[in-house]
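Listed here are the chains, written in short residue letters.
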Amino acid sequence: MGVSRRRLLVSDFIMSFMWVWSSVLIKMFVHTMLGYGAHDLKGEILKHSISVINMFFFAFLAKATKGGAYNPLTILSGAISGDLSNFLFTVGARIPAQVFGSITGVRLIIAAFPNIGRGPRLTIDIHRGALIEGCLTFAIVTISLGLSRRSRASTLMKTWISSLSKLTLHILGSDLTGGCMNPASVMGWAYARGDHITKEHIHVYWLAPIQATLLAVWTFNLLVSPPKDEREKMIEKKSE
């Protein structure tokens, strides 16, 4: 395994660890330190504003680490369209690194703050939960693919649109499934609760998002033509 791949695994582990911690710290800052209630409008606005800033920070980390990520769906959507070796590396190494990072982060959170809670939970039946989590994932993956094709848009604008989209979708699904759209993060909390191998967890937080990601990539590639430089490369390969 090359140095760059080992660096990616370390980056994935650390960023996944930091991601679960960041969400908890934001809630503690708003509700515990500032004293806002769970349904206080000002508190919710402040929490969501900090969440957007947090997503900008993680976008910076992804760029600084040259591809590090904290969400399996982010790297899976790119690996599907890549070569076989990259796909196997993503599924067999990067996603497990993100899962282990999330589990480690959650275990330390619970050790430090025993009364912090136990993460997102499903409040509806499995079938509707899987449908909702799948639809949310389909939407965010499609948006991400669309932004990646907009070469003229600035990185700041892409991050802004992506962050607001993730926040909006999270709010829409937060009371039903948690609106996580991140199997690794949910896995960390489920492992701590001991229900990470239940039918509910596997179907709603793993199978549905992965299927939605595959469908989003397939649909996007079917409906949207590749950029001009990619088309030229494809033509050159065919001519050879």
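These numbers come from a predicted model, not from an experiment. (Residues numbered from 1 in each chain as written. Predicted model: local features only at pLDDT ≥ 70, side-chain atom pairs only at ≥ 80, totals over all residues. Heavy atoms only, no water.)

> I tried to follow the UniProt feature "transmembrane region" (unreviewed entry) in the protein chain on my own but got confused; where do I start?
Under the feature "transmembrane region" (unreviewed entry), the UniProt entry names residues 12-33, 45-62, 69-89, 95-117, 129-147 and 204-224. Counted over residues 12-33, helix gives 100% and strand 0%. Its end C-alpha atoms are 30 Å apart. Along residues 204-224 one finds 95% helix and 0% strand; the C-alpha atoms at either end are 28 Å apart. (UniProt positions renumbered as here; feature names shortened; annotations may be inferred. Helix = DSSP H or I, 4+ residues; strand = E, 2+ residues; numbered from the N terminus.)

> Looking at this model, I keep getting lost on the packing of aromatic side chains. Mind explaining?
The geometry of an aromatic ring pair is captured by two quantities: the separation of the ring centres and the angle between the planes. This structure, assessed with the given rule, holds six aromatic pairs. Here W19 and F58 contribute two aromatic rings whose centre-to-centre distance is 5.0 Å and whose plane-to-plane angle is 85 degrees, an arrangement assigned as edge-to-face. Here the residue W19 occupies a position in helix α1 (residues 3-33), and F58 occupies one in helix α2 (residues 41-64), the gap between them amounting to 39 residues. Across the pair, exposure class does not vary: W19 and F58 are buried alike. Taken together, a centroid distance of 6.1 Å and an interplanar angle of 70 degrees make the contact between W21 and F113 edge-to-face. Of the two residues, W21 is situated in helix α1 and F113 in the loop between α4 (84-112) and α5 (126-149); the sequence distance between them amounts to 92 residues. Among the aromatic residues, ring-to-ring pairing joins W19, F57, F58 and Y70 into one connected group. If you follow R5 out to its NZ or CZ, it ends over the ring of F89, 4.4 Å from the centre. (Phe/Tyr/Trp six-rings, centres within 6.5 Å; stacked < 30°, edge-to-face > 60°. Buried < 20%, exposed > 50% of the residue type's maximum accessible area, 1.4 Å probe, protein only. Lys NZ or Arg CZ within 6 Å of the ring centre and 35° of its normal.)

> I keep staring at unusual backbone geometry and nothing clicks. Help me out?
Most peptide bonds take the trans form, and the phi angle of most residues other than glycine is negative. For K66, which is not a glycine, the phi torsion comes out positive at approximately 60 degrees. Mapped onto the fold, K66 is located in the loop between α2 and α3 (72-80). The backbone of M181 sits at a positive phi, close to 55 degrees, despite the residue not being glycine. Summarising the element assignment, M181 is placed in the loop between α6 (155-173) and α7 (183-193).

> Would you explain the nonpolar core in this entry?
Most often, soluble globular proteins keep nonpolar side chains buried together rather than apart. L136, I140, V141, L145, L169, M181, A216, V217 and F220 together form the largest nonpolar core, which totals nine residues. Contributing elements (two or more residues each) for this core: α5 and α8 (199-223). Excluding residues within four positions of it along the chain, L136 makes contact with L169, G173, G179 and M181. (Core = buried A, V, L, I, M, F, W, Y, C linked by side-chain atoms within 4.5 Å. Contact = heavy atoms within 4.5 Å.)

> Got a minute to help me understand a nonpolar patch on the surface in this structure?
Judged by side-chain polarity, L215, W218, L222, L223 and V224 come together as a nonpolar surface patch covering roughly 540 Å² of accessible area. For L223, the location among the structural elements is in helix α8. The exposure class assigned to L223 is exposed, which follows from its relative accessible area of 66%. (Patch = residues over 30% accessible without salt bridge, like charges linked within 9 Å, V, L, I, M, F, W, Y side chains within 5 Å. Areas by Shrake-Rupley, 256 points an atom, 1.4 Å probe, with all protein chains shown as cover. Salt bridge = Lys/Arg side-chain N within 4 Å of Asp/Glu carboxyl O.)

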